[in-house]
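# Understanding the architecture of this molecule
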Amino acid sequence: GNYVKISALGNEKLEIRNNATIGSFSQIITSTSFNNIGRYIIIGENVGMGEFCYIGGGGGTEIGANTIIGQYFSTHPENHNFSDSSKLIREQGVTRSGIKVGENCWIGSKVAILDGVIVGDNSVIAAGAVVTKSFPSNSLIGGVPAKLLKEI
């Protein structure tokens with residue numbers, strides 16, 4: 001799409017496989033800081049992303065083949081530490097587990113997926129969901145925080 005920003009600075013790789021499309025105004029950002037370089041981003045074959053998506057790669061993000069994604073989707077594969085009240089949050093570092101979305105998924109508009117989440121193949125995530133935990137294949141997922149609505 002038009003005005004897509006891609007930043008590939010990472011410890012591993014940025015890979016956008018065949019026939020993937022990235023909607024206008026989206027950002028694919030492997031690292032957000034020179035002080036703590038991100039890991040990787042892999043976007044599978046035939047993935048279609050809507051406009052204004054943000055794919056972060058700090059802890060690694062993989063989106064499986066044939067997945068379709070609505071507008072304003074975001075992945076956040078790191079989390080800020082905040083347990084030491086004597087320090088500024090921004091000085092406490094981050095944890096990074098990564099995110100993996102399986103193959104043949106349908107992700108609605110304005111979905112956010114947070115660090116450590118694995119979404120199994122053939123799953124559907126309802127628009128507006130905030131996914132904070134992992135789900136098996138063939139799941140219908142929705143809500144804030146997201147929960148299993150139905151096995152499909």
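Right above here is the structure, for reference.
Residues numbered from 1 in each chain as written. Predicted model: local features only at pLDDT ≥ 70, side-chain atom pairs only at ≥ 80, totals over all residues. Heavy atoms only, no water.

## Topic: the pairing of strand 19 (residues 139-142)
Within a regular strand, side chains alternate between the sheet's two faces. Pairing between strand 17 (residues 124-125) and strand 19: two bridges, direction parallel. Bridge pairing in strand 19 places I125 opposite I141. (Pairing = 2+ DSSP bridges. Helix = DSSP H or I, 4+ residues; strand = E, 2+ residues; numbered from the N terminus.)

## Re the environment of K13
Structurally, the position occupied by K13 is in the loop between strand 1 (5-7) and strand 2 (14-16). Exposure remark for K13: the relative accessible area of 42% places this residue in the partly exposed category. Put simply, K13 and G60 are 47 residues apart on the chain and 9.4 Å apart in space, counted from C-alpha to C-alpha. Among all residues touching K13, those that are not within four sequence positions of it are R39, Y40, I41 and I42. Within the structure, the side chain of K13 is placed 3.0 Å from the side chain of E15, a separation counted as a polar contact. (Buried < 20%, exposed > 50% of the residue type's maximum accessible area, 1.4 Å probe, protein only. Contact = heavy atoms within 4.5 Å. Polar contact = N/O pair within 3.5 Å; in protein donor to acceptor, adjacent residues only side chain to side chain.)

## Overview of the sheet that holds strand 7 (residues 54-56)
Ordered in space as 1-4-7-10-15-18, the six strands form an open sheet in which the pairing is parallel. On the outer flanks of this sheet lie strand 1 and strand 18 (130-131), each paired with one strand and no other.

## Comments concerning the sheet that holds strand 19
One open sheet accounts for seven strands, arranged 3-6-9-14-17-19-20; its pairing is mixed. Only two strands of the sheet have a single partner each, and these edge strands are strand 3 (21-22) and strand 20 (147-151). As paired strands, strand 14 (residues 106-107) and strand 17 are joined by two bridges and run parallel to one another. Residue pairing across strands places W106 opposite V124, the latter belonging to strand 17.

## Concerning unusual backbone geometry
What is expected of a backbone is that most residues other than glycine have negative phi and most peptide bonds are trans. The linkage connecting V144 with the following residue, P145, adopts the cis geometry, with an omega of -5°. Here P145 lies in the loop between strand 19 and strand 20. A positive phi is found at N104, a non-glycine position, where the angle reads about 55°. For N104, the location among the structural elements is in the loop between strand 13 (99-101) and strand 14. Given a relative accessible area of 45%, N104 falls into the partly exposed group. Although it is not a glycine, N122 adopts a positive phi angle of roughly 60°. Locating N122 in the fold gives a position in the loop between strand 16 (118-119) and strand 17. Given the relative accessible area of 32%, N122 is considered partly exposed.

Any link to function would need more than the numbers given here.
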